[in-house]
Amino acid sequence: MDTASDLNPPPYTALPDHPPPSPPSRKPLHFTIATIVSLLLLVSLITLIPDHTPSPAATQSPPAIKLPRGVAEGVSAKSYPYVSDSAGSAGSFNWTNAMFSWQRTAFHFQPEGNWMNDPNGPLYHKGWYHLFYQYNPESAVWGNISWGHAVSRDLIHWLYLPYSMVPDQPYDVNGVWTGSATILPDGRIVMLYTGDTIDGVQVQNLAYPANLSDPLLLNWVKHPGNPVLVPPPGIGPKDFRDPTTAWLGHDGKWRITIGSRVGTTLGIALVYTTDDFIEYELLDRYLHAVPGTGMWECVDFYPVSVDGSKGLDTSVNGAGVKHVLKASLDDTKLDHYAIGTYFGDNDTWVPDNPEEDVGIGLKLDYGRYYASKTFYDQNKERRILWGWINETDTEANDLAKGWASVQTVPRTVVFDKKTGSNIIQWPVDEVESLRLGSTEFNGVLLEPGSVVELDVGTATQLDISAEFELEALGSEEAAVSDDGCGGGAVERSNLGPFGLLVLAHQSLSELTPIYFNVANSSKGSREAYFCVDEKRSSKATDFYKPVYGSSIPVLEGENFSMRVLVDHSIVESFGQGGRRVITARIYPTEAIYGAAKLFLFNNATSANVKATVKVWQLNSAFIRPFP
C-alpha cells in the first residue's frame, strides 16, 4: 500500500557546472565514448546518485489524506486519495498556465474538458469505431456521471459526439456507470450498463440504438423495463457492477459475468444466462473466485488463440483457445489478469497457473492504469484493449487545468506463443500513421555510469524503438532489491539499470528513466526487470511519484528491447515486444515544450551496453468535435 511518506521524494542533487556531453549525430553512427568517459562519469555520478542532504521540500510534513471521491457512492476511488487540497503550502507548487497547457496530450484520447474515467462499450459499426466513456459534463472532478461518445475511422483520429446517455431515470439517476456492448449475429447492438439508483443501489440496465442504420449511433433508447438485474441475495447493494460483453454458450444461451465479492475479501465473477437480454438466470456457481482479492469490478473475459495471430470473437471456444480473465481490484486499484481454460459445460474457468491467479499474479499494466476493457474488432479480426489513465495530482490542479484523466493508446492483445504464460500488448498499427521524420542511432556504446543525449529535436511527441546488448565486464554476481526496480534508477548493480531518460531537462534536473535491471538468479540464470522511475520526473511535490516495474521474460538469444510512446505528460512503455507494459502519468515543470530532451543511460557498475535506437517524431491526432 502507498503511504503518505511516498510523497516526499529524495531531494534533488546538485547540478554540474557544465552541460552534459554533446549529443550524437542525428545520422546512423558507430562510435565509442572513450574520449568523453570521464566527463560522462562525472555527470552520471552527480545526477543519478542521490544527495542525502535534506532540502526544505524533503523535510516538510506529508500532505494530509482525505477520502477520495466515489467511495461513499460505492464505486472505486475516483480521485487520488493520498494528496489533499487542504494540505496547504506544504504540498503545493506554483503551477503556471503554460505548465498545465503542456500536460494536455496530442494523440491520446481525452475529452475537450472535464472529468473522464472508465472506457465503456467500445465497438465497430458501419465503418466507425465507437468509444463511450464515463464523463462529468459539469466539472473536472468525478460526479454527474454520463456517457461521453466519440467515433473514429482508425482508432487514432477521434470526433466528439453528443452524450449517448445521461443519468435521468430512477434506475440510473445517480450515475450511468460502466457497461459493455454485445453485437448479435443479426447485427443488433445491445448495451448493458450499471446504474446507480435513486436509493443508491447498483443495478444492471439495458439500452440499444434508436436507429441501427445510423453509422454514428447518435441516439440511444433505455429499455422501459429497466433495471433488468438487481443484486441477488447475499450480494451487497453497492457490490454489483460492470457487466461484460456477452458470449454465446453451447446451449444457445448468452452469458454475461458481473464483478462482486462475498464478505470483504473473496473476489468473485457471477454468471448469468439470457435468451433476450431482458430475462436472466443466475447460475449457482461462480465463473471464478479468488480469496483475498476483495471486490472485483470491470471484469473482462475473452478468448485468445494459442497458435494464431488474430483476435477472436468473444463467443469462440474449443481446441487451440485459452481464455483471459481480468478483474480490476477495488482494494488496490490495479488490473490483474490470468490465462486459463473456460469449461463451457459448467461455465467455470480455471487458471493455467494457480500461483498467478487473478489478483495475485500478472497485471495488465504495471503503471498508472485501471478499469480496462477489450472488444473484438470484426473489421480487422483483432482484439483491442482500452485502459483509463487516472491522475495522481490534486483536484485543485485538475480544476485549474480544466480536465482530468486520459485513455491509453488502443492496444492489440494476443497470446504470447514464445512464453506460453502471458499476453502480448502492442499499440495498434494505426499509431504509425502519426509518424513524421525519424532519427537512428546505431551501436551507441554506453560504458558504466554514462549518460548520452540523443539529438532528436523536441522530445514531447515520440515513438521510440530501442534495443540493448549487455556485456558484463567482470563478475555477474549482482545484488538488486526484491522487486528488481527498488528505489529507482539511482540504485546501481553490476548489470544495471540501463535504458532511456525521457522528458528529461538538458540539465537533468527532471527526468523519467525507463530501464532494465538484470541480476543472476539462484538457479544461475539471469533475471530481468522492466521499470519506470517517476521520482525525479518533476520538481513539484503535490502528486505521487512512484517507481513502477515487474520481472520480465527475456528468452535465450533475445536482446533487451522496449518501445516507448511519449505524449507530453503520458508515457506508455512496452517491454520485450509487449510482454510487460508500464504507463506513467507525470507532471514536469521544466522538461516541457522545447526543453524536453531524450537520453540514453547506463548506471551499471560492471557492464557495457550497446544501444540501437530509432526515434520518430509523432504528429498530433487533432481530436475535435464532429463537423
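Look up a bit, the structure's there.
Owing to the predicted nature of the structure, the values given are computational and were not obtained by experimental measurement.

Draft legend 1. The packing of aromatic side chains, seen in detail. Using the criterion set out here, one finds 30 aromatic pairs in the structure. Ring centres of F240 and Y272 lie 6.3 Å apart, and the angle between their planes is 65°; on these two criteria the pair is classed as edge-to-face. Of the two residues, F240 sits in the loop between β8 (220-222) and β9 (247-248) while Y272 sits in strand β11 (residues 266-274), which places them 32 residues apart along the sequence. Y272 carries the same exposure label as F240, and that label is buried. What links up through ring pairs into an aromatic cluster is the set F109, Y133, Y135, W158, Y160, Y163 and W386.

Draft legend 2. Structural context of the sheet that holds strand β1 (residues 114-125). The sheet built from six strands is open, its strands ordered β20-β1-β2-β3-β4-β36 with mixed pairing. Each having just a single partner strand, β20 (403-404) and β36 (624-625) make up the two edges of the open sheet. Pairing of β1 with strand β2 (residues 128-136), which is carried by seven bridges, proceeds in the antiparallel orientation. Note that in β2 the partner of Y124 across the bridge is Y129.

Draft legend 3. The pairing of strand β14 (residues 296-305), seen in detail. When you tally the buried positions in β14, you get ten out of ten residues, the bulk of the element. As judged from the eight bridges shared by β14 and strand β15 (residues 321-329), these two strands associate in the antiparallel manner. Its bridge partner being in β15, P303 is matched across the sheet by H323.

Draft legend 4. Up close: the environment of W158. For W158, the position within the fold is in strand β4 (residues 158-165). Looking at W158, the relative accessible area reads 2%, which means it is buried. Between the C-alpha atoms of W158 and H108, which are 50 residues apart in sequence, the distance is 9.6 Å.

Draft legend 5. Quick look at the pattern of salt bridges. Enumeration over the complete set of coordinates arrives at 32 salt bridges. Note that R382 and D377 form a salt bridge whose closest N and O atoms lie 2.8 Å from each other. Each member of the pair R382 and D377 is classed as buried.

Rules used in this analysis
Sequence order sets the numbering: in each chain, residues are counted from 1 along the sequence as written. Since the coordinates come from a predicted model, pLDDT governs what is reported: local features require at least 70, and pairs of side-chain atoms require 80 or more to be given and counted, while whole-chain, interface and lining totals use all residues. Side-chain figures throughout are based on the complete set of non-hydrogen atoms in the structure, without hydrogens or water. Only centres within 6.5 Å qualify two rings of Phe, Tyr or Trp (six-membered ring in Trp) as a pair; their planes then separate them into stacked at under 30 degrees, edge-to-face at over 60, and tilted for everything else. Comment: elements are numbered from the N terminus, with helices defined as DSSP H or I runs of at least four residues and strands as E runs of at least two. Think of it in three bands: residues with accessible area under 20% of the maximum for their type are buried, residues over 50% are exposed, and the middle band is partly exposed, with areas taken using a 1.4 Å probe on protein chains only. Only strands that DSSP links by at least two bridges are regarded as paired with each other. Criterion for a salt bridge: a side-chain nitrogen of Lys or Arg within 4 Å of a carboxyl oxygen of Asp or Glu.

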